[in-house]
Each structure stands twice: as C-alpha cells, then as structure tokens.
Amino acid sequence: MPLAQGRAAPWLAAGLALALLWALGASYVIVFHDDVLAGFVARQGAMRDAYEARIAELQDLIERDRRDRAGSEEGLADRVSAALERQADLERRTAALAGLDRQSPTDPAITGTLPSRADEAGAAPDDGLLLRPSEGPVRSRPDRRPLPRRSAHDAETGLVRLEAHLEGLQAAQGERLARLAVRIGDEVRRLRGTIGRTGLDLGRFEAPTPAAGIGGPLVSLDAQALDGAGFEAGLALARRALGDGERLRRLAAALPLARPIRGEAPVSSPFGTRLDPFTRGLALHTGLDLKAEYGEPARATAAGRVTTAEAAGGYGNMVEIDHGHGLATRFGHLSRIAVRPGQRVAAGDVIGFVGSTGRSTGSHLHYETRVDGEPVDPQRFLEAGATLATAQLGAD
C-alpha cells in the first residue's frame, strides 16, 4: 500500500501543477481580456495600414510612370510636328533656289534636296512618325496616337536622325543661296561694267524716280546669316539682283554692240582726228572705216527702226537706224541699200552691201555710232560687245 501511494504521488503533483497553470491562465484571460484583444487589433491595423501605404506608393509609381510615358509621347509628337513644318519650309526653299538657278544641274549636296524613301535605306524602321513628303500635305499637328512600347526607342532614334538631316539641309541651302547671291552680283557688276565701257550713263535707260535716302549697317550675305531667319531676306536680295541682271541683259541686247561686218574686219581708219584723205588736212573722222570686200553684207548692230535709207552726200548710199534712247548708227559708202525708211530690223539683219559710193577712196564700210545726235567712238561699243560675247561663250 505505501508502495502504491509512492507511485501515484508524482502524477498527482503534475495534475495539480497543470490545474494551477490552467487556473492562472484562465484568470489572466479573464482579467486581461481587453488588453490582449486591443493588442491583437492594433497589430492587425498596423499591418493593414502598412499594406495600404505600400499599395498607394505602388499606385503613385504607376501613375507617375504613365504620366512620364504620356509626356514623352507628347514631346515626340511635338518634335515630329516641328520637323514636318520645317521640312515643308525647306521644300519651299528648295523650289525657290531652283527658280534662281534653273540653268544649273540639280545637286542634292548643293541645293538641299529633301530625301525620298529610297534615300532613307538603312534608316530606323518607320514608326508612323517620320512622314515623307510624298504622303500628302503636312498637317499642323500629327495625330496624337500612343506610341507602341516596342517602337518608342526606334521613333526617338529616327526622329533624331531626321532632325539632324534637316539641320544639314538648312545649312546647305544657306550656303547655296550665298553662292547664288555672289554669282548673281558678279553678273550684275559685269553687265554694268560692259555697258559702262560704251560711255553711256545707265540713267538714260531708267525711268526717273524720286530720290530716296538709303543706308544702314553692312550685313554681308554669308552662309551663317542665311542659315536661319535671314534666308528670306537673302532670297529677296538675290531675286532683286536677278531682276537687275535681267534688265541689264535686255539693255545690253538693245545696244549696238554687234559687229557690222561678219568675221575679221580690220579698222583702216579709227574714230577721231586724222589727215583727210582728200585734202590732207586735219579733220574729224566721225566713225570707223572697216576693211571689207565689195558687195559684202553690212548688218544692223542692234534692233531698231530705219530712219534714213538714201544717198547722202559724202556718205554716198547711207542707212541710219534709230535704236531708241537717243542711240543711232550709220552705215556709209554702201554699193546698194537693202532696207527702206520706217522698216524694223533686228540685230544681224542685212541693211546693205559694202561699196565705195560718196566721198571714198576705195571699197570699205564707214560705220558710226551716235548718242543724242553726236558722234562717239564706235570702237567702245564693239569692244564692249566682244567682252560680252566672250563672257557668254565662257558661260555656255
């Protein structure tokens, strides 16, 4: 009996301990129930707040990324619109340059010709942004369609290349216009010099206009100045100079600059004071005596109207042509006259044939140039005509 009691004692003690622990735990829960529940709820709330904060942060990141992408697409669209407008402007400039220099061969490196699709071989894939000139008129702004993610990098790369290409074309066009302006200016100066060699004042060929003061700082037409907004001003100046050149060319064509005898016709007696062949005294020779065979055609040296075609004393058979602006030419000692008074003739038309009528010692052509009725040295006109013909031959 004592042995059985000894064996049961440990179990009894363990049971008492467990009962005590349970009683203590139950008492703690009963006593601190509210505190335990409040702590649990607080922990759950903190976890929820942290989760919601993280979700809000992620949503903010997503929204900012969306706005950044939208802004990037908007920026690309704006740049595309600007590039298209610039391309249209460069196309207009190309046409203007071609109008200034239609006789010159078209060279993209010189005139700034815009690229075609074939010229873009090897370029970045077309992403719908880099429109070509052949795709119709340029819109003020392109369609604001979203750019696919996979082509955004290609769009940026292609746009950068297009912008760089347009920049180069603009610079090339500025250089081309500068060279054209210089060439046109040289032509105007050459024509002015050629006409000036005749001794004529250009004012006699221009309608009188009220004098106006002019001036301002010197701004040279170099490529840098013509590369931007100065292109339009430079284009206007070049066109004005081109108009001046055309006017001077028409004027030169109307002056008696051609030779009255085709081929070589040496001067046997120049203009000015000489010993008269009959009196052997000093006398004024009012023209040039040109050696020529009897019967050789004498030709008008400029367009005009025949005012005299008859025998005229010492001139013998004489033809006089009025070229306007106070200019006239005379042809003397003709064997035969081929025109009549009032007839219109063009430069090179036959007006008669070389002879020795009138006050003459042998077959030759007496040729005069008169300004406002006064004789002037025809050699100045013939030399100016030769200079002009040489320059035109070189240009061809």
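Let us look at the structure shown here. Each chain has its residues counted from 1, running along the sequence as written. Two thresholds apply to this predicted model, a pLDDT of at least 70 for residue-level local features and 80 or more for giving and counting side-chain atom pairs, whereas whole-chain, interface and lining totals are computed over all residues. With hydrogens and water set aside, each side-chain value is computed from the structure's full complement of heavy atoms.

What follows deals with the overall build of the protein chain. Only DSSP runs of H or I covering at least 4 residues are called helices, and only runs of E covering at least 2 are called strands; the numbering of each starts at the N terminus. The helix and strand tally for the protein chain stands at five helices and twelve strands. For the exposure calls, accessible area comes from a 1.4 Å probe over protein chains only, and a residue counts as buried if that area is under 20% of its type's maximum, exposed if over 50%, partly exposed in between. Within the protein chain, the proportion of its 396 residues that are buried is 32%. Contacts were defined at the residue level, with two residues in contact if any of their heavy atoms lie within 4.5 Å. A separation threshold of at least 6 residues defines the contact pool for the protein chain, and within that pool the share at least 24 residues apart is 69%. Surface exposure here means Shrake-Rupley accessible area, sampled with a 1.4 Å probe, where a residue is shielded only by the protein chains that are shown. As presented, the protein chain carries roughly 23600 Å² of accessible surface, and 58% of it is formed by carbon and sulfur atoms.

In terms of nonpolar packing, the biggest core is built from 27 residues, with Leu 177, Leu 200, Leu 255 and Leu 257 touching the most fellow members. The element that contributes the greatest number of residues to this core is helix H4 (residues 230-254), accounting for seven residues. Remark: nonpolar core denotes a set of buried residues (Ala, Val, Leu, Ile, Met, Phe, Trp, Tyr, Cys) joined through side-chain atoms within 4.5 Å. Membership of the second largest hydrophobic core comes to 20 residues, among which are Ala 292, Leu 334, Leu 365 and Leu 382.

This part takes up the pairing of strand E8 (residues 327-337). Burial of E8 is extensive: eight of the eleven residues sit out of reach of the surface. Strands are labelled as partners when DSSP assigns at least two bridges between them. As judged from the six bridges shared by strand E7 (residues 317-324) and E8, these two strands associate in the antiparallel manner. Among the inter-strand pairings, Val 319 is bridged to a residue of E8, identified as Phe 331. As consecutive antiparallel partners, E7 and E8 are separated by two residues, and within that stretch His 325 has a phi angle of approximately 60°, a positive value. Pairing analysis gives six bridges linking E8 to strand E11 (residues 364-371), with the strands arranged antiparallel. Directly across from Leu 327, in E11, lies its bridge partner Val 371.

Relative to strand E4 (residues 288-291), strand E1 (residues 267-269) is paired through two bridges, and the arrangement is antiparallel. Paired with Val 267 across the two strands is Leu 290, which belongs to E4.

So, about the side chain of Arg 330. Of note, Arg 330 is situated in strand E8. A residue is classified by how much of its surface remains accessible, and Arg 330, at 17% relative accessible area, is buried. We define a polar contact as two N or O atoms separated by no more than 3.5 Å, with the added condition that, inside protein, one atom must be a possible hydrogen donor and the other a possible acceptor, whereas residues neighbouring each other in sequence contribute only through side-chain atom pairs. There is a polar contact of 2.9 Å between the side chain of Arg 330 and the side chain of Tyr 315. The contacts of Arg 330, once residues within four sequence positions are left out, are Tyr 315, Met 318, Val 319, Glu 320, His 366, Tyr 367, Glu 368 and Arg 370.

By definition, a salt bridge exists where a carboxyl oxygen of Asp or Glu is found within 4 Å of a side-chain nitrogen of Lys or Arg. In total, this model carries 13 salt bridges according to the counting rule given. For Arg 197, the salt bridge is made with Glu 383, and the minimal N-O distance between the two is 3.7 Å. Here Arg 197, found in the loop between helix H3 (149-196) and H4, pairs with Glu 383, found in helix H5 (residues 378-395); they are 186 residues apart in sequence, far enough to count as distant. Classification of Arg 197 by relative accessible area gives partly exposed; the value is 42%. In this structure, a network of salt bridges that share partners links the residues Glu 187, Arg 190, Glu 246, Arg 249 and Arg 250.

Coordinates in, geometry out; function isn't part of it.
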